[in-house]
Amino acid sequence: MITVAPTGAETVKADAPSLPVTLDELVRTARTCADLGASVVHVHIRDDDALPTLDLARLRDTVAALRESTELIVQLSTGGAVTDPEAHRLRVLDAEPDAASCTMGTVNFGTDVFLNRWEFVVELHERMREREIVPEYEIFDLGHLAALHRLLDRHGPPYGGHVHCDLVMGVPGGMPGTVQALAAAVQMMPAGATFSATGVGRTSLPVMLAALSAGGHLRVGMEDTLTYAPGEPVRDNAQLVARASGLARIAQRPPAPVGEVRALLGVRDRRPARAG
């Protein structure tokens, strides 16, 4: 499973001209990345000034456009920007995505604090189950996996019945993007869970290789990585997905078709009916 996270909430367009910030740019990026092996698109959106937003009308338009133009699993971020209030983050689910992120605890995020109170995490988990949205549990540190066990023990399994995590590694303030940290996280996974791994910045390649060797899946994209190699800026999201697909094939774990990933995660099919 290859997830592309094309935009994020931190990078400004002036620093990364190929960052997709309009709906048209996002749809074109999603199509290209799907052709290269991506099966999931992790979505943050921007407003007319290219600033992060959780505007519900824009989110609904984005979900509809991605469903109409691609077969990708549409996963919305409920994290938004670190300044977004909880009510707006919960409202993301009203856009009826296939999947959404559920971050399992608070973490220092560089000089900021990404706040995820326990009661908020529980509310996200339960609302996703009620609305038949598949959660991806975002794990920034090992304590978040302990919190995930607590969540599942006290509040039951997610919609679809399958637990899937994304290990976000290399964020200043979170777990490092190392083989040792990934191995420790894998040991703490709930029984039967699957995981993807995201290496932020220069940890992108080591995390990708470690995840492939440990039986995990991959998340790549300009949300997390803006440098392809030392001194070489990322050209676009397609370049990162192409590298992930190539490494997956070298590892004899080629990119999974979208249908296979939908079945694995238990995603409800919300796609509009295709003629014929």
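Residues numbered from 1 in each chain as written. Predicted model: local features only at pLDDT ≥ 70, side-chain atom pairs only at ≥ 80, totals over all residues. Heavy atoms only, no water.

S.K.: Can you help me understand helix H1 (residues 23–35) in this one?
M.R.: Spacing of three or four residues puts side chains on the same side of an α-helix, whose turn is 3.6 residues. For H1, which comprises 13 residues, the first-to-last C-alpha distance of 19 Å matches the rise-based estimate of 18 Å (1.5 Å per residue) to within 8%. Those residues of H1 that fall on the buried side of the exposure criterion are Leu26, Val27, Thr29, Ala30 and Cys33. Here the buried residues of H1 occupy an arc of 160° about the axis, which is enough to place them on one side. Exposed residues lying more than 90 degrees from the buried face of H1 are Asp24 and Asp35. Residues of H1 that are buried make contact with strand S1 (2–4), strand S2 (40–43), helix H2 (56–69) and helix H8 (237–250). (Helix = DSSP H or I, 4+ residues; strand = E, 2+ residues; numbered from the N terminus. Expected span 1.5 Å × (residues − 1). Buried < 20%, exposed > 50% of the residue type's maximum accessible area, 1.4 Å probe, protein only. Arc of directions from axis to C-beta. Contact = heavy atoms within 4.5 Å.)

S.K.: So what exactly am I meant to see when it comes to the layout of surface pockets here?
M.R.: Empty space among the atoms becomes visible once a probe the size of a water molecule is rolled across them. A volume near 450 Å³ is recorded for the largest pocket. Forming the boundary of the largest pocket are 27 residues, of which Glu10, Phe109, Val171, Glu223 and Asp224 lie nearest the centre. Considering only residue class, the lining of the largest pocket consists of eleven nonpolar, eleven polar and five charged. If you trace the second largest pocket, you find 15 residues lining it, with Val21, Thr22, Leu23, Arg46 and Arg58 closest to the centre. Elements supplying a minimum of two residues to the lining of the second largest pocket: H1, strand S3 (45–46) and H2. Top element by residues in the lining of the second largest pocket is H2. It accounts for three residues. A per-class count over the lining of the second largest pocket returns six nonpolar, four polar and five charged. (1 Å grid on protein atoms, 1.4 Å probe; cavity = no way out; pocket = protein on both sides within 12 Å on 5 of 7 lines; lining within 4 Å. Points joined across faces, edges and corners; volume = space filled by probe spheres on them. Nonpolar A, V, L, I, M, F, W, Y, C, P; charged D, E, K, R; others polar.)

S.K.: Looking at this model, I keep getting lost on the packing of H1 against H8. Mind explaining?
M.R.: Angle between the axes and distance between the axes: these two values describe a pair of packed helices. Running from N to C, H1 and H8 point in directions that differ by 20°, and their axes come no closer than 9 Å. Considering the angle they form, H1 stands roughly parallel to H8. Handedness of the crossing formed by H1 with H8: right-handed. Contacts from Thr29, Thr32 and Cys33 in H1 reach Asn237, Ala238 and Val241 in H8. The residue makeup of the contact of H1 with H8, split by class, is three nonpolar, three polar and no charged. (Axes fitted to C-alpha atoms, helices over the stretch in contact; angles between N-to-C directions. Parallel < 35°, antiparallel > 145°, perpendicular 65-115°, else oblique. Left-handed = near helix turned anticlockwise from the far one by under 90°.)

S.K.: Quick question: what am I supposed to make of the pattern of salt bridges here?
M.R.: A side chain with one charge can pair with a side chain of the opposite charge if their charged atoms come near. Taken as a whole, this structure holds 14 salt bridges when the rule is applied. Of the charged contacts, one joins arginine 58 and aspartate 48 as a salt bridge, the two residues approaching to 2.6 Å between their closest N and O atoms. Of this pair, arginine 58 sits in helix H2 while aspartate 48 sits in the loop between S3 and strand S4 (52–53), and the two are ten residues apart along the sequence. When its relative accessible area of 69% is taken as the criterion, aspartate 48 is described as exposed. Taking the shortest distance from any N to any O, the salt bridge between arginine 271 and glutamate 71 comes out at 2.3 Å. Within this pair, whereas arginine 271 is found in the segment after helix H9 (258–265), its partner glutamate 71 is found in the loop between H2 and strand S5 (73–76), the two being separated by 200 residues in sequence. For arginine 271, a relative accessible area of 26% translates into the label partly exposed. One network of salt bridges, with partners in common, ties together Glu138, Asp166, Arg219, Glu223 and Asp224. (Salt bridge = Lys/Arg side-chain N within 4 Å of Asp/Glu carboxyl O.)

S.K.: When you look at the sheet that holds S5 in this model, what are you seeing that I'm missing?
M.R.: The strands making up a sheet are joined through hydrogen bonds of the backbone, oriented either antiparallel or parallel. Read around the barrel, eight strands follow the order S1-S2-S5-S6-S9-S10-S11-S12 and close on themselves; strand pairing throughout is parallel. Averaged over all pairs of adjacent strands, the angle between strand axes in this sheet comes to 25°, irrespective of strand direction. When S2 meets S5, the two strands line up parallel, connected through four bridges. Bridging from a neighbouring strand, histidine 42 pairs with glutamine 75 of S5. Along the sheet, helix H5 (residues 142–155) makes contact with strand S9 (134–139) and strand S10 (164–169), crossing S9 at roughly 145°. (Pairing = 2+ DSSP bridges.)

S.K.: Just to check I follow, could you spell out empty space enclosed by the protein for this structure?
M.R.: Applying the stated criterion across every chain, the model contains three cavities of 30 Å³ or more. Each pocket or cavity is described by its volume, and for the largest cavity that value is around 80 Å³. Taken together, 14 residues make up the lining of the largest cavity; nearest its centre are His44, Ile45, Thr53, Leu54 and Gly80. Taken as a whole, the second largest cavity holds about 40 Å³ of empty space. Here the lining of the second largest cavity takes three residues from S9, the largest share from any one element. When the residues that make up the lining of the second largest cavity are grouped by side-chain class, the tally is six nonpolar, two polar and one charged.

S.K.: Please clarify how unusual backbone geometry should be interpreted in this entry.
M.R.: Working note: non-glycine residues mostly have negative phi, and peptide bonds are mostly trans. A positive phi angle, close to 65°, is found at alanine 50, a residue other than glycine. Looking at the element boundaries, alanine 50 is found in the loop between S3 and S4. Despite not being glycine, glutamine 252 has its phi angle at roughly 60°, a positive value. With respect to the helices, strands and loops of the structure, glutamine 252 is situated in the loop between H8 and H9. The exposure class of glutamine 252 is exposed, given its relative accessible area of 71%.

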